[in-house]
Amino acid sequence: MKCYKITLSVLLCFCVFMVHAQDTAHASKYDQHKAFPAMFYPEKGNEYRTASGTPGSKYWQNRADYKLNVTLDTAKHRVSGTTLITYTNNSPDALDFLWLQVDQNIYKEDSRGEATSPVTGGRFTNKTFTNGDEIKGIYVIKNGKQEKVDYLVTDTRLQVKLNDSLRAGGSKLQLKIDYAFDVPEYGTDRMGRKLTKNGWIYEIAQWYPRMEVYDDVTGWNVIPYMGAGEFYLEYGNFDYTITAPANLVVVGSGELLNPAEVYSPKILSRLAIAKGSDKTVMIKDSVDIASKDSYPAKANLTWHFFCKNARDVSWGASKAFLWDAARINLPSGKKALAQSVYPIESKGENAWSRSTEYVKGCIELYSNEWYEYTYPVATNVAGIVGGMEYPGIVFCGQENQSGALWEVTNHEFGHNWFPMIVGSNERKYAWMDEGFNTFINKVDTKVFNKGEYFEGTDEQKAATSMFTPEADAIMNIPDVIQPDYLGFAAYEKPALGLTILREQILGEQRFDYAFRTYIKRWAFKHPTPWDFFHSMDNAAGEDLGWFWNEWFFTTWKLDQAVKSIDYVDNDPTKGSLITIENLEGMALPVTVAVKEENGNTSTIKLPAEIWQRGGTWTFAYKSTSKIAYAIIDPDHVLPDINPENNSFSGVTVPQGITAAGVIKTYLDAIGGEDRLKDVKDLVVTSEGAVQGAPVLRVNKFKTPDKFYQDITVPSFNNLSVTHIVISGDSLNIRQLSKPVPVTGDVKASVKARYKLFPELDFSKPGYVMQLAPTLQVVDNQLAYSVTVTSPDGIKVKYFYDQKTGLKIKQFTDIPGSTVMEWNDYQGINTGIKIPFSEKTTIVGQPIEFKVKSATVNGGLTNDMFK
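Scope of this entry: the structure provided in the associated data block. Computed from a predicted model, the values in this text were never measured in an experiment.

A few words on the pattern of salt bridges. Counted according to the given criterion, the structure contains 44 salt bridges. The shortest N-O distance in the salt bridge between Asp189 and Arg123 comes to 2.9 Å. Taken together, the residues Asp189 in the loop between β9 (186-187) and β10 (191-196) and Arg123 in the loop between α3 (112-115) and β4 (134-142) connect sequence positions 66 residues apart. Judged by relative accessible area, which is 6%, Asp189 ranks as buried. Salt-bridge contacts for Glu508 lead to Arg502; the nearest nitrogen and oxygen are separated by 3.7 Å. By relative accessible area, Glu508 is classed as partly exposed at 44%. The class of Arg502 is buried, set by a relative accessible area of 7%. Three or more residues joined by partner-sharing salt bridges are found here, namely Glu369, Arg502, Glu508, Asp512 and Arg516.

A word on the side chain of Arg311. In this fold, Arg311 is placed in the loop between β19 (300-310) and β20 (315-318). Owing to a relative accessible area of 2%, Arg311 belongs among the buried residues under this scheme. Polar side-chain contacts of Arg311 include one of 3.3 Å to the backbone oxygen of Phe231. Here Pro419 takes part through its backbone oxygen, which lies 3.4 Å from a polar atom of the side chain of Arg311.

To continue, consider the side chain of Glu550. Looking at the element boundaries, Glu550 is found in helix α13 (residues 545-553). Buried charge without a partner: Glu550 forms no salt bridge, and the closest opposite charge is Lys493, 9.0 Å away. A distance of 2.8 Å separates a polar atom in the side chain of Glu550 from the backbone nitrogen of Ala587. With residues near it in sequence (within four places) discarded, Glu550 still touches Trp556, Met586, Ala587 and Leu588.

Another aspect to go through is the packing of helix α7 (residues 402-414) against helix α8 (residues 434-447). Where α7 contacts α8, the two axes come as close as 9 Å, and the packing angle between them is 130°. Judged by the angle between their axes, α7 and α8 are oblique. α7 and α8 meet at a crossing whose hand is right-handed. On α8, the residues that touch Trp406, Asn410, His411 and Gly414 of α7 are Glu434, Asn437, Thr438, Ile440, Asn441, Asp444 and Thr445. Its residues assigned to classes, the contact of α7 with α8 shows two nonpolar, seven polar and two charged.

So, about helix α11 (residues 508-522). Between its terminal C-alpha atoms α11 stretches 21 Å, which fits the 21 Å expected from 15 residues at 1.5 Å a residue. All buried positions along α11 are accounted for by Phe511, Asp512, Ala514, Phe515, Thr517, Tyr518, Ile519 and Trp522. Next to the buried residues of α11 lie α6 (355-369), α8, α10 (486-505) and α12 (529-540). One or two positions beyond α11, positive phi appears at Phe524, with a value near 65°.

For the rest of this paragraph, the subject is α13. With eight of nine residues buried, α13 is to be regarded as a mostly interior element. Every buried residue belonging to α13 is among Gly545, Trp546, Phe547, Trp548, Asn549, Glu550, Trp551 and Phe552, and all of these are buried.

In this section: the packing of α10 against α11. Running from N to C, α10 and α11 point in directions that differ by 140°, and their axes come no closer than 7 Å. Compared by their axis directions, α10 and α11 come out oblique. Packed against α10, whose contacting residues are Leu498, Leu501, Arg502 and Ile505, the element α11 presents Glu508, Arg510, Phe511, Asp512 and Phe515 at the interface. Taken together, the residues of the contact of α10 with α11 break down into five nonpolar, no polar and four charged.

So, about the sheet that holds β10. The five strands lie next to each other as β9-β10-β11-β20-β16, forming an open sheet whose pairing is antiparallel. Each of the sheet's edge strands pairs with one partner strand only, and the pair in question is β9 and β16 (249-252). Inspection of the sheet shows β10 paired to strand β11 (residues 199-204) by five bridges, in the antiparallel sense. Within β11, the position partnered with Lys194 by the bridge is Ile201.

Attention now goes to empty space enclosed by the protein. One water molecule sets the probe size; rolling that probe over the atoms shows where empty space is left. Inspection of the entire model under this criterion finds seven cavities of 30 Å³ or more. In this model, the largest cavity occupies a volume close to 480 Å³. Around the largest cavity sit 28 residues that line it, and Phe701, Leu756, Trp822, Pro835 and Glu838 are the ones nearest its centre. Surrounding the second largest cavity, 13 residues form its lining, Leu248, Val249, Val262, Tyr263 and Ser294 being those nearest its centre. Broken down by class, the residue content of the lining of the second largest cavity amounts to ten nonpolar, two polar and one charged.

Turning next to the nonpolar core. Among the nonpolar cores identified, the biggest contains 190 residues, and Leu98, Trp207, Phe515 and Phe532 are the most heavily contacted of them. Ranked by residues supplied to this core, first place goes to α10 with eleven residues. Every residue in contact with Trp207, bar those within four places of it in the chain, is listed here: Leu68, Val70, Tyr179, Phe181, Tyr240, Val313, Ser314 and Trp315. If you look at the next biggest cluster of nonpolar residues, it comprises 53 residues, including Ile726, Val750, Leu771 and Leu806.

Moving on, we get to the packing of aromatic side chains. Summed over all chains, the structure comprises 67 aromatic pairs. Measuring from centroid to centroid gives 6.1 Å for Tyr41 and Trp530, while their planes differ by 65°, and the two rings are edge-to-face. Placement of the pair is Tyr41 in the loop between α2 (32-35) and β1 (63-73) and Trp530 in helix α12, with a sequence separation of 489 residues. A ring pair is formed by Trp530 and Phe533, whose centres lie 5.6 Å apart and whose planes are at 85°; its orientation type is edge-to-face. Of the two residues, Trp530 and Phe533 are both situated in helix α12; the distance of three residues between them amounts to about one turn of the helix.

What counts and what doesn't
As a convention, each chain's residues are numbered from 1 in the sequence order in which they are written. Local features in this predicted model are restricted to residues whose pLDDT is 70 or higher, and side-chain atom pairs enter the listing and the counts only when it is 80 or higher, whereas totals over whole chains, interfaces and linings include all residues. Think of the side-chain values as coming from all heavy atoms in the structure, minus any hydrogens and water. What makes a salt bridge here is a side-chain nitrogen of Lys or Arg within 4 Å of a carboxyl oxygen of Asp or Glu, nothing more. In this description a helix means any DSSP run of H or I spanning at least four residues, a strand means any run of E spanning at least two, and both kinds are numbered starting from the N terminus. Only protein chains enter the area calculation, which uses a 1.4 Å probe; residues under 20% of their type maximum are buried, those over 50% are exposed, and those in between are partly exposed. A 3.5 Å cut-off defines polar contacts: any pair of N or O atoms within that distance qualifies, except that in protein one atom must be a possible hydrogen donor and the other a possible acceptor, and neighbouring residues in sequence count only when both atoms are side-chain atoms. Charge counting treats Lys and Arg as positive and Asp and Glu as negative, with His and both chain ends excluded. Note on contacts: a residue pair is in contact if any heavy atoms of the two residues lie within 4.5 Å. Lines fitted to C-alpha atoms define the axes here, with helix axes fitted over just the stretch in contact, and angles between the N-to-C directions of these axes take values from 0 to 180 degrees. Note that the term roughly parallel is reserved for angles under 35 degrees, roughly antiparallel for angles over 145, roughly perpendicular for angles of 65 to 115, and oblique for everything else. Crossing handedness is defined as follows: a turn of the near helix away from the far one that is anticlockwise and smaller than a right angle gives a left-handed crossing, while the clockwise case is right-handed. The nonpolar class holds Ala, Val, Leu, Ile, Met, Phe, Trp, Tyr, Cys and Pro. Asp, Glu, Lys and Arg form the charged class, and all remaining residues, Gly among them, are polar. Expected helix span is taken as 1.5 Å per residue step, with the number of steps being one fewer than the number of residues. Only strands that DSSP links by at least two bridges are regarded as paired with each other. Buriedness of a pocket was judged along seven lines, with at least five required to meet protein on both sides within 12 Å; pockets are open sets of points on a 1 Å grid over the protein atoms alone, cavities are sets where a 1.4 Å probe fits but cannot get out, and lining residues have an atom within 4 Å of a point. Grid points are joined across faces, edges and corners, and a volume is the space filled by probe spheres set on the points. Nonpolar cores were defined as sets of buried Ala, Val, Leu, Ile, Met, Phe, Trp, Tyr and Cys residues, with membership established by side-chain atoms within 4.5 Å. Pairing of aromatic rings covers Phe, Tyr and Trp, the last through its six-membered ring, and needs centres within 6.5 Å; plane angles under 30 degrees mean stacked, over 60 mean edge-to-face, and all others mean tilted.

Given below as C-alpha cells:
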C-alpha cells in the first residue's frame with residue numbers, strides 16, 4: 001500500500017503544525033531488567049512452527065485456485081461474471097463452513113468501514129457509495145453437479161454453510177459464485193476509475209469473492225475489511241478472462257495467454273522488440289490511441305490471463321493508455337517483462353516515460369539482493385490510485401514525477417516480496433509487509449542509478465515525530481493505530497529497526513544472510529511475527545529478544561548522553577575515562593566520536609550489552625592530549641530524541657569572550673549592523689525534497705514584524721503544505737488549506753523562529769543574553785552557545801561557529817521545537833550574507849532547503865501579509 005510516510009501526497013494528509021513535548025528531565029528512566037527480559041518468547045516451537053523459525057514437519061496451509069470470467073461494461077462502469085474456486089483443505093480439521101472476503105461491500109453506505117470513518121474524512125473514507133458485491137447465487141459443485149448452498153453476508157465477510165463437511169487432509173470442493181459490482185470512482189485508494197481526456201482509466205482490485213485464510217494460528221481469519229488493514233490470502237493458480245470493448249488496453253497479473261487474439265500485428269511486433277530490449281520500447285504511443293490498426297476490428301475482445309502460485313490478481317483497462325515496455329533480466333537467466341500504461345497527461349521524461357526504467361531497475365535489484373521475482377510480467381498502471389500493490393501489477397498515482405514516481409513505483413513493486421512472496425497477515429501485522437518493504441526500498445534506492453534518488457535521513461531530527469507521547473506500538477492491528485501515526489508504526493519505524501539491526505547490531509553480512517533465510521523459508525507460506533523473530537535469531541546467531549521487545553512491543557524512546565570526561569591522574573596523556581548515560585527506556589549500541597586538541601580523532605563502538613549493567617557506563621580512551629569533544633552518534637543514524645546532550649566539550653570559552661561580543665562578531669560577519677538595518681524587506685526562494693518530491697519554500701520578511709511563508713509541492717498541483725503569516729501580534733497558520741490553532745508559548749516560539757536578523761534587537765531593553773561557559777558541538781564544529789530571553793519570556797538558543805562567527809543553529813526553549821541549522825553563507829545584493837542551506841523538518845521529515853534566489857528591498861506591501 002502507498003505509505004503514509006514514504007509517499008508525500010498521503011503523508012501530507014495527516015500533517016499538523018505542532019510541537020511534540022518531550023521530557024527533557026535528566027533523571028534516567030532506564031531499567032536494564034525491563035530492557036533485557038529473560039522471558040520474551042512466550043512459547044516453544046511445535047510440529048507446525050519450530051522454535052528455530054522454520055515451518056515445522058507438519059506445517060500445512062490450505063489452497064485456493066480460481067477460474068474467473070468477467071465482463072467490464074464501460075457504459076455502466078460495472079463488472080459482472082462468475083468465480084469458480086477450487087478449495088483444498090490441507091488442515092487436520094473437517095470444515096463445516098467456509099469464509100470468504102467480499103471487499104466491495106466496504107463501499108456500501110451501511111458498511112462497517114464507513115461507520116468507523118471519521119466525519120472529517122480520510123484516506124479510507126468513501127466519497128460515493130455502491131451496492132457492493134451483488135451476489136446472484138452460490139453453488140457447490142460435486143461430481144459435475146452443482147447444488148445451491150446457504151450463505152450469509154456480514155459486512156465484508158461471506159459465510160458459506162456446507163451441506164456436507166469438507167474433510168481434512170487434502171479434500172477439495174468447487175465453489176461457484178455469480179456476482180456483479182459497480183466500480184466506485186474512488187475505491188479507498190486501492191482501486192477505482194479516473195476520467196482523462198482520452199477516456200476512463202479502470203484500476204480493478206478486490207474484484208471477486210476471495211477465500212479467507214484458515215490456519216494453525218487462529219483457524220478462520222475473519223477480521224472485517226475496514227480500510228487500513230489490508231489482506232491475508234491463500235495461494236493458488238488464477239485462470240481469468242476479461243471481456244471489454246476492443247479499443248481498450250487491458251493489463252493484468254500474470255501472463256496474457258492469447259495476445260494474437262487481442263493485439264494487432266503492429267502491436268505484436270513492437271511487443272516482441274520490447275521483450276528483447278534493455279531500453280524502453282514504445283508499444284502504443286499517442287498517435288496510436290485513435291488508430292484502428294492498434295486492435296482487432298471487433299466490438300469486444302476477451303483477454304485471457306494466467307497467474308501461477310499467487311495470492312491475488314488485479315487488472316487495469318483503458319483506451320487512454322500509452323504503453324511501453326522493456327526486458328527484465330533475472331539472476332537465474334530467466335527473462336520477464338517490465339511495462340507501464342499511462343495517459344498522455346502523464347507522459348514526459350520527468351514523469352511516466354521513465355516508469356518502465358524504474359520497474360525494470362527495482363525488480364532486477366530486489367531479485368539479485370533477496371529472492372528472484374516470480375511473475376512473468378511487472379506492470380505499472382497510472383490512474384486515480386495513489387499507490388497499491390498486487391501480484392505482478394501495481395497502481396500508482398498518474399501525477400507522480402521524477403523521484404516521487406521512482407519512490408512509489410519502487411515501494412509498490414517491493415510488495416511483490418512482502419507480502420506477495422512471503423505471505424504474512426496484513427490484516428493484523430501491517431509492519432510485516434509495509435515495514436519490511438520500506439526497509440528494502442531504502443536499500444534499493446541507495447543503488448538504483450548510482451543513488452539518483454537516494455536521500456540520507458537524519459534520524460535524530462526525525463525522532464521527535466516518530467517517538468511522540470501519543471505514539472502507538474508497532475505490534476497493533478492497523479485499524480487500531482491512530483491514522484496519523486500509521487505511517488510510522490507500519491512503515492518507518494519497523495524499517496528503521498531493520499536498518500539499525502543491519503548496520504549497527506548485526507552487520508550487513510549477518511543480517512542479509514538471516515533475512516534471505518527468512519524469505520526462503522517462508523516463501524509462499526504464512527509466517528507470524530514469532531516465526532520472523534526466531535528465524536532471524538537463529539540464522540544470525542544472536543538472541544535479539546531484547547531488541548524485538550523494545551522496538552516492536554513498546555513505545556520506549558532513546559536518549560543517550562555524554563555525561564563527563566575525566567583524565568587518569570588528571571593527566572590527559574595517561575588516558576581518559578568517558579562516562580555515558582542511557583536516560584530513556586531503550587537500549588541500543590553506542591558510537592562515540594572523539595577529537596583531541598592535538599587533532600587526533602577516533603571512533604569507539606560499544607555493543608548494546610553495556611546497558612545490561614545499568615544506565616551509566618564508563619569506558620577507557622587512550623588519549624594523548626586533552627579531549628576537545630566527544631560525540632555520541634556522530635552520523636545521526638539513531639533516533640535519539642534529545643541530541644543536545646549527545647556531545648560534551650572539554651573546551652571552556654576563552655577569557656574576554658562575552659555574549660555581546662559573539663553577537664557583534666556575527667553581525668559583522670554577515671554585513672554589519674548598518675547594512676542589515678537598511679534591509680526593509682527580503683524575499684528568499686528555496687527548494688528541498690522529501691522522498692524524491694521537490695518542495696518549494698518562499699519566505700518573505702518585512703521589518704519590523706512581518707513574515708510570510710508558503711511551502712508547496714509543485715508536482716502535486718502546487719499542493720500547499722504550510723502557509724504562515726505573521727503581522728505584529730497576529731499569527732495565522734494554514735496546512736492543506738485548513739487553519740491550525742496556535743496559542744501561548746508555541747505562538748511566541750513560532751514568531752521568534754521567523755524573525756529577520758533577531759540579533760539586531762538583543763541590545764534593546766528587556767532582552768537578556770547568557771553565554772554558555774563551554775563551547776558546544778554543532779555538526780562536528782565548536783560553537784559558542786548564547787541563550788537569549790526575550791521580553792515575552794521565550795528563550796532561544798543560538799549557536800555561532802567559533803572560527804567564522806556565523807550562526808549555524810537555533811531552537812527555542814519549547815520542548816521538541818523545530819531545530820534549524822545553517823551553512824553555506826553567500827553574499828547577496830546590498831553586501832549582506834545569508835545562509836544558502838538550511839536543515840530543518842517539515843511534517844516530521846528532515847529536509848534541507850537550498851536557496852534559489854534572494855531579493856532585498858523589493859518593495860513588499862503590507863497587503864502581502866494579510
